[in-house]
Amino acid sequence: MPAAYLTLLTISFGSVWIYLRASGDVPFVLAALTAVVCFIWGFAVAPWLVQLLIIGLVLSLDKFYLSKAGRLG
């Protein structure tokens, strides 16, 4: 696995952690934007097998969310 992918993934998780703990507007927005940009960039440079895994997880989470929303309403 390339070092760039692991670095971007680490930065993305660190930004999400800061995002969850931030109380001010500026750190909140900066952490969220950093997490999104690093995740997209990391996805672009990831090996194709990892990309397929991420797409599969996103699709399965979407189905899980829609099934939960359908039961509540």
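Thresholds, definitions, all that
Residues numbered from 1 in each chain as written. Predicted model: local features only at pLDDT ≥ 70, side-chain atom pairs only at ≥ 80, totals over all residues. Heavy atoms only, no water. Helix = DSSP H or I, 4+ residues; strand = E, 2+ residues; numbered from the N terminus. Buried < 20%, exposed > 50% of the residue type's maximum accessible area, 1.4 Å probe, protein only. Contact = heavy atoms within 4.5 Å. Areas by Shrake-Rupley, 256 points an atom, 1.4 Å probe, with all protein chains shown as cover. UniProt positions renumbered as here; feature names shortened; annotations may be inferred. Patch = residues over 30% accessible without salt bridge, like charges linked within 9 Å, V, L, I, M, F, W, Y side chains within 5 Å. Salt bridge = Lys/Arg side-chain N within 4 Å of Asp/Glu carboxyl O.

Novice: Looking at this structure, I do not really get the overall build of the protein. What am I missing?
Specialist: The secondary structure content of the protein amounts to three helices and zero strands. Secondary structure elements of the protein, listed N to C terminal, follow the sequence α-α-α. Sorting the 73 residues of the protein into buried and exposed places 15% on the buried side. In the protein, the share of contacts with a sequence separation of at least 24, taken over all contacts with a separation of at least 6, comes to 48%. Element-wise, carbon and sulfur atoms account for 77% of the exposed surface of the protein, whose accessible area totals about 5,800 Å².

Novice: Before we go on, may I ask you to explain the UniProt feature "transmembrane region" (unreviewed entry) in the protein in this structure?
Specialist: As annotated by UniProt and renumbered to match this structure, "transmembrane region" (unreviewed entry) occupies residues 28–61. Across residues 28–61, helical content stands at 94% and strand content at 0%; the span's end C-alpha atoms are separated by 25 Å.

Novice: Please clarify how a nonpolar patch on the surface should be interpreted in this entry.
Specialist: On the surface, Val16, Tyr19, Leu20, Phe28, Val29 and Leu33 cluster together into a nonpolar patch covering about 540 Å² of accessible area. Secondary-structure elements contributing two or more residues to the nonpolar patch are helix H1 (3–21) and helix H2 (25–45). Residue position: leucine 33 is located in helix H2.

Novice: How should I be thinking about the side chain of serine 12 in this particular structure?
Specialist: By the secondary structure assignment, serine 12 is in helix H1. Residue class for serine 12 comes out buried when judged on its relative accessible area of 6%. Not counting residues up to four positions away in its chain, the partners in contact with serine 12 are Ala35, Cys38 and Phe39.

Novice: Any chance you could explain the environment of phenylalanine 39 here in plain terms?
Specialist: Positionally, phenylalanine 39 belongs in helix H2. Take phenylalanine 39: its relative accessible area is 37%, and that puts it in the partly exposed class. Phenylalanine 39 sits 31 residues away from leucine 8 along the chain, and the two C-alpha atoms are 6.8 Å apart. What phenylalanine 39 contacts, discounting residues up to four positions off in sequence, is Ser12 and Ile54.

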